[in-house]
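Coordinate inspection notes
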Amino acid sequence: MHDHDDAPAMHPETVAVHAGRPPREPDGPMSTPVHLASTFHEGGPTAYGRYGNPSWTAFEEALGALEGGACVAFASGMGAISAVLALVPTGGVVVAPRHSYTGTIGLLDDLVATRGVSVRYVDVRDADAVADAAQGADLVWVESPTNPALEVADLAAIGRAARAAGALYAVDNTFATPLLQLPLESGADLVVHSATKSISGHSDVVMGAVIARDADLRDRIATRRSLGGAIPGPLDAFLALRGLRTLPVRLERAQANARELAARFANHPALDEVRYPGFGTIISIVVAGGADAAERVAASTRVWVHSTSLGGVESQLERRRRWPAEADTIPDGLVRLSVGLEHVDDLARDLEQALGHAADPGDGADGARARTAPPAASGH
Ligand SMILES: *Cc1c(COP(=O)(O)O)cnc(C)c1O
């Protein structure tokens, strides 16, 4: 956006609507079009479609403005995470939450096996433990709240520890979004998003992003993208930006729904636990009776969609341990709820009737269907 230096900073709601727009000129389009181009006339800085695209740039300007840094868009959240972890030298040391997103754990396992990296897993709620682990580390990686345990880290305290240790500090901000948490203000060098989730928000795009504190880090990340090739499609970037325009208003509604549901179900007899960090749109419930009971609940909803992923306008749920890669310290009966924009009474009523199936094995056919294995090794 073209803020004047003496003007007060715009609010995020306004930035989300106006950042990354083309110049205001007669008959110019309001939105940057989908630029379907593999190559560009020579003489400019972009040259080729793997190095840049105006549709990426529009998205990057908007998300970068919201996070307060320089954004590089990726083909997926994992593409973004791969680019950050590629900054860790061979034989380097990474600090990471023991309940990181399953894909992140899988990638860290791979770095351990192939590049001699060692990983110190920590409880991100314990800032002192993270600070101890940061000694001699190359990268402190934090996810907060964690997926799906919903543990919350003290980002500023960890930022001070990472700085004192001379380690790079990166935060996966997918669950909180820049509306609820600004890691760069807490000392992070890099922020990562699965833009597949709340940022695009309509369950129709897979995309990711890295936002860097400074131009040097931005360039290193962009170089990884050019070399690794994990580039987003121009249409995906367009859709993700269109979703981002309404992020503040979607988040407000979904968060209000989540708060209300967490309160209404807090003491439900079919639940051992309701985890909600007090903000955001994700709730994890632990169904009494374990895996089978939780699968029956997930298979019995009519409004909530039984599917992996999160952050869409539609409320979704799934039992996380159905994914073999999920940590075995996540309760077997934990069902992650991604709260969407429906009327809260409809969500509550549907969840209530689904919970009614928890203790009821029903006929054998239902039970068998409920335990069908998912197709791939890690959920989202
Ligand atoms: C989904 C997710 C990712 C991975 O993003 P993709 O877009 O699926 O590659 C990373 N981190 C968190 C917290 C996620 O929820």
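Residues numbered from 1 in each chain as written. Predicted model: local features only at pLDDT ≥ 70, side-chain atom pairs only at ≥ 80, totals over all residues. Heavy atoms only, no water.

Comments concerning the overall build of the protein chain
Across its full length, the protein chain holds 13 helices and 12 strands. Here the C-alpha atoms of the protein chain give a radius of gyration of 21 Å, agreeing with the 21 Å that 2.2 N^0.38 yields for 380 residues. The principal-axis extents of the C-alpha atoms in the protein chain amount to approximately 70 × 55 × 40 Å. Taking all 380 residues of the protein chain together, the buried fraction comes to 52%. For the protein chain, contacts bridging at least 24 residues in sequence account for 68% of all contacts bridging at least 6. Element-wise, carbon and sulfur atoms account for 52% of the exposed surface of the protein chain, whose accessible area totals about 16400 Å². For the protein chain, the distance from the average site of its 32 positive side-chain charges to the average site of its 47 negative ones is 2 Å. (Helix = DSSP H or I, 4+ residues; strand = E, 2+ residues; numbered from the N terminus. Rg over C-alpha atoms; globule rule 2.2 N^0.38 Å. Buried < 20%, exposed > 50% of the residue type's maximum accessible area, 1.4 Å probe, protein only. Contact = heavy atoms within 4.5 Å. Areas by Shrake-Rupley, 256 points an atom, 1.4 Å probe, with all protein chains shown as cover. Lys, Arg positive; Asp, Glu negative; His and termini not counted. Charge placed at Lys NZ, Arg CZ, Asp CG, Glu CD.)

A short note on the pattern of salt bridges
In total, this model carries 17 salt bridges according to the counting rule given. Measuring nitrogen to oxygen at the nearest pair gives 2.8 Å for the salt bridge that ties Asp214 to Arg213. We classify Arg213 as partly exposed; its relative accessible area is 43%. We note a salt bridge from Glu260 to Arg264, for which the minimum N-O separation is 2.8 Å. One end of the pair, Glu260, and the other, Arg264, are both in helix α10 (residues 247–264), 4 residues apart, so they sit about a helical turn from each other. Taking the relative accessible area as the measure of exposure, Arg264 reaches 41% and is therefore partly exposed. Salt bridges sharing common partners tie together Glu318, Arg320, Arg322, Glu326 and Arg336. (Salt bridge = Lys/Arg side-chain N within 4 Å of Asp/Glu carboxyl O.)

Regarding the environment of Val95
Position of Val95 among the secondary structure elements: in strand β2 (residues 93–97). Considering only alpha carbons, one finds Val95 and Val140, 45 residues apart in sequence, at a separation of 4.7 Å. With residues near it in sequence (within four places) discarded, Val95 still touches Arg120, Val122, Val130, Ala133, Ala134, Ala137, Leu139, Val140 and Trp141.

Details of the environment of Glu326
Here Glu326 lies in the loop between β11 (316–319) and β12 (334–338). Separated by 226 residues in sequence, Glu326 and Ser100 have C-alpha atoms that sit 9.5 Å apart. Looking at Glu326, its side chain comes within polar contact range of the side chain of Arg320, at 3.0 Å. (Polar contact = N/O pair within 3.5 Å; in protein donor to acceptor, adjacent residues only side chain to side chain.)

Regarding helix α9 (residues 234–245)
Here α9 is 12 residues long and its end C-alpha atoms lie 17 Å apart, about the 16 Å a rise of 1.5 Å per residue gives. Listed as buried for α9 are Pro234, Ala237, Ala240, Leu241, Gly243, Leu244 and Arg245. Among the structural elements, α1 (12–18), α2 (54–67) and α10 are those in contact with the buried residues of α9. (Expected span 1.5 Å × (residues − 1).)

Some remarks on the site of the ligand
Contacts to the ligand come from 15 residues, most closely from Met78, Asp172, Ser194, Thr196 and Lys197. Gly77 is positioned with one of its backbone polar atoms (N or O) 2.9 Å from an oxygen atom of the ligand. Here Asn147 contributes a side-chain N or O atom positioned 3.1 Å from an oxygen atom of the ligand. For the ligand, whose accessible area on its own is 380 Å², the fraction buried by protein is 96%. Per-class residue counts for the shell around the ligand are 5 nonpolar, 7 polar and 3 charged. (Near = heavy atom within 4 Å. Nonpolar A, V, L, I, M, F, W, Y, C, P; charged D, E, K, R; others polar.)

Things to note about the UniProt feature "modified residue: N6-(pyridoxal phosphate)lysine" (unreviewed entry) in the protein chain
The sites that UniProt annotates as "modified residue: N6-(pyridoxal phosphate)lysine" (unreviewed entry) are Lys197. Structurally, the position occupied by Lys197 is in the loop between β6 (190–194) and β7 (208–212). Take Lys197: its relative accessible area is 6%, and that puts it in the buried class. Setting aside its immediate chain neighbours within four residues, Lys197 contacts Thr174, Ser309, Leu310, Gly311 and His380. (UniProt positions renumbered as here; feature names shortened; annotations may be inferred.)

Focus on the sheet that holds strand β5 (residues 168–172)
Strands sit in the order β1-β7-β6-β5-β4-β2-β3 across an open sheet of 7 strands; the sheet is mixed. Every interior strand has two partners, whereas the edge strands, β1 (70–74) and β3 (118–122), have only one. The average undirected angle you get between the axes of adjacent strands in this sheet is 20 degrees. Sitting on the sheet, helix α3 (residues 77–85) is in contact with β1, β4 (139–143), β5, β6 and β7, with an inclination near 155 degrees to β6. (Pairing = 2+ DSSP bridges. Axes fitted to C-alpha atoms, helices over the stretch in contact; angles between N-to-C directions.)

As for unusual backbone geometry
Each neighbour pair has its own omega, and for Ser144 with Pro145 the value is -10 degrees, a cis peptide bond. In this model, Asn147 is joined to Pro148 through a cis peptide bond whose omega is 0 degrees. Relative to the elements of secondary structure, Pro148 occurs in the loop between β4 and α6 (155–165). In the Ramachandran plot, Ala47 falls in the positive-phi region, its phi being about 70 degrees despite a non-glycine side chain. Structurally, the position occupied by Ala47 is in the loop between α1 and α2. Notably, Thr177 is not glycine yet its phi reads approximately 65 degrees, a positive angle. Following the sequence through the fold, Thr177 ends up in helix α7 (residues 177–180).

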